[in-house]
Amino acid sequence: MAKGSGIIVSAQPRGVFTEGTLSGTPKPGTLMEKVPGTDIDGTGRFTYRVYQPGTDGERRQVLVLLEDALQGKTATDAYTTGARIRMYTPVAGEELNVLKGDVAGTGDDFTIGQQLIIDTGTGKVIGTTGSPESEPFECNETITDPTADQLVWVTYTGQ
């Protein structure tokens with residue numbers, strides 16, 4: 001299970017906070033990307049969607065969707081399309097809780113120290129498959145036989 005109750009675990013985060021408008025209904029801890037080919041919206045911000053560059057583990061800016069604490073939401077409350085969102089780009093060594101996708105009928109266990117990639121189309125972390133360009137997270141806990149998506153405690157590697 002995740003560490004703490006928020007997405008950012010590090011006590012003094014040194015990364016970059018970003019705001020935008022949401023396309024989709026992801027939960028906090030999901031990895032996001034700017035919607036290609038869209039201009040800024042009426043609020044002066046870009047629109048963001050779940051990470052989907054084309055292949056698992058492709059290099060992109062890592063943007064982690066944060067919980068909406070200013071409106072009393074928690075790390076388990078999903079957003080809705082059009083919502084104003086806050087995201088965080090970590091620096092190497094920072095600890096976070098990110099969303100791990102459950103893959104039904106597979107052995108999708110995680111172990112401490114395991115390298116993780118971002119699954120395209122879901123924005124959730126999965127175990128490394130093939131030869132990815134990037135393995136941006138290292139797992140800090142053991143997850144055995146998950147039956148649903150859950151937050152997992154990771155360290156951002158910067159890779």
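Heads up: the structure comes first, above all this text.
Read on for a plain summary of the structure. Residue positions are counted from 1 within each chain, in the order its sequence is given. Thresholds applied to this predicted model are a pLDDT of at least 70 for local features of residues and 80 or more for the giving and counting of side-chain atom pairs; totals over whole chains, interfaces and linings are not thresholded and use all residues. Heavy atoms throughout the structure, all of them, feed into the side-chain values; hydrogens and water do not.

### Focus on the sheet that holds strand β5 (residues 84–89)
Working step 1: When DSSP locates at least two bridges between a pair of strands, those strands are taken to pair. Helical segments are the DSSP runs of H or I of at least four residues, strand segments are the runs of E of at least two, and each set is numbered from the N terminus. A barrel is described by the order of its strands in space; here five strands give the closed sequence β1-β3-β2-β4-β5, paired in mixed fashion. Within this sheet the neighbouring strands show an average axis-to-axis angle of 55°, counted without direction. Note on method: axes are straight lines fitted to C-alpha atoms, helices fitted across the in-contact stretch only, with angles between N-to-C directions ranging 0 to 180 degrees.

### Some points on the layout of surface pockets
Working step 1: Think of a 1 Å grid over just the protein atoms. A cavity is a set of points where a 1.4 Å probe fits yet cannot get out, a pocket is an open set with protein on both sides within 12 Å along at least five of seven lines, and lining residues have an atom within 4 Å of a point. Grid points are joined across faces, edges and corners, and a volume is the space filled by probe spheres set on the points. Each pocket or cavity is described by its volume, and for the largest pocket that value is around 190 Å³.
Working step 2: Looking at the lining of the largest pocket, the elements with two or more residues in it are β6 (95–100) and β10 (150–156).
Working step 3: Under the convention adopted here, Pro, Cys and the residues Ala, Val, Leu, Ile, Met, Phe, Trp and Tyr are nonpolar, Asp, Glu, Lys and Arg are charged, and Gly plus all remaining residues are polar. The class makeup of the residues in the lining of the largest pocket is five nonpolar, seven polar and two charged.

### Brief notes about the pattern of salt bridges
Working step 1: Any carboxyl oxygen of Asp or Glu within 4 Å of a side-chain nitrogen of Lys or Arg constitutes a salt bridge here. If you walk through the whole model with that rule in mind, you get four salt bridges.
Working step 2: Residues Arg84 and Glu19 are paired through a salt bridge, measuring 2.9 Å at the closest nitrogen-oxygen approach. Highlighted residues: Arg84 in strand β5 and Glu19 in strand β1 (residues 16–22), separated in sequence by 65 residues.
Working step 3: Using a relative accessible area of 38% as the deciding quantity, one classes Arg84 as partly exposed.
Working step 4: Here Arg49 makes a salt bridge to Glu33, at a shortest N to O gap of 2.8 Å. You can see Arg49 sitting in strand β3 (residues 47–50) and its partner Glu33 sitting in strand β2 (residues 31–34), a full 16 residues away along the chain.
Working step 5: When salt bridges with common partners are traced through the structure, they connect Glu33, Arg49 and Arg60 into a single cluster. Exposure classes here rest on a 1.4 Å probe applied to the protein chains alone. A residue is buried below 20% of its type maximum, exposed above 50%, and partly exposed in between.

### Description of the nonpolar core
Working step 1: Side-chain atoms within 4.5 Å are what join buried Ala, Val, Leu, Ile, Met, Phe, Trp, Tyr and Cys residues into a set we call a nonpolar core. Core analysis: the biggest nonpolar cluster contains 22 residues, and Leu31, Leu96, Val98, Val125, Phe137 and Val152 have the highest contact counts within it.
Working step 2: Counting nine residues, the second largest nonpolar core, distinct from the first, contains Leu22, Leu63, Leu65 and Ile85.

### Re the pairing of β5
Working step 1: In terms of strand pairing, β1 meets β5 through six bridges, oriented antiparallel. Bridged to Thr21 within β5 is Arg84.

### A closer look at the packing of aromatic side chains
Working step 1: Put simply, two rings from Phe, Tyr or Trp (the six-membered ring, in Trp's case) pair if the centres are within 6.5 Å, and we call them stacked under 30 degrees between planes, edge-to-face over 60, tilted for the rest. A complete count under the given rule lists two aromatic pairs for this structure.
Working step 2: By definition, being over a ring means that NZ of Lys or CZ of Arg is both within 6 Å of the ring centre and within 35 degrees of the ring normal. A cation over an aromatic ring shows up here: Lys100 above the ring of Phe110, its NZ or CZ 4.6 Å from the ring centre.

### Re the pairing of β3
Working step 1: In terms of strand pairing, β1 meets β3 through two bridges, oriented parallel. Each bridged residue has a counterpart across the sheet, and for Thr21 the counterpart in β3 is Thr47.
Working step 2: Relative to β3, β2 runs antiparallel, the two being bridged by three bridges. Bridging from a neighbouring strand, Lys34 pairs with Tyr48 of β3.

### Focus on the environment of Arg59
Working step 1: Take Arg59: it is sitting in the loop between β3 and β4 (63–65).
Working step 2: The exposure class of Arg59 is exposed, given its relative accessible area of 51%.
Working step 3: Note: C-alpha distance between Arg59 and Ser134 (75 residues apart in sequence) is 5.6 Å.
Working step 4: Contacts between residues were defined by any pair of non-hydrogen atoms, one from each residue, lying within 4.5 Å. Every residue in contact with Arg59, bar those within four places of it in the chain, is listed here: Glu133, Ser134 and Gln159.
Working step 5: From its side chain, Arg59 meets the backbone oxygen of Glu133 in a polar contact 3.0 Å long. Pairing of N or O atoms within 3.5 Å defines a polar contact, subject to two protein rules: one partner must be a possible hydrogen donor and the other a possible acceptor, and residues neighboring in sequence count only if both atoms are side-chain atoms.

### Concerning the environment of Ser23
Working step 1: You can see Ser23 is positioned in the loop between β1 and β2.
Working step 2: Owing to a relative accessible area of 34%, Ser23 belongs among the partly exposed residues under this scheme.
Working step 3: Setting aside residues no more than four positions away along its own chain, Ser23 makes contact with Val35, Thr47, Tyr48, Arg49 and Thr81.

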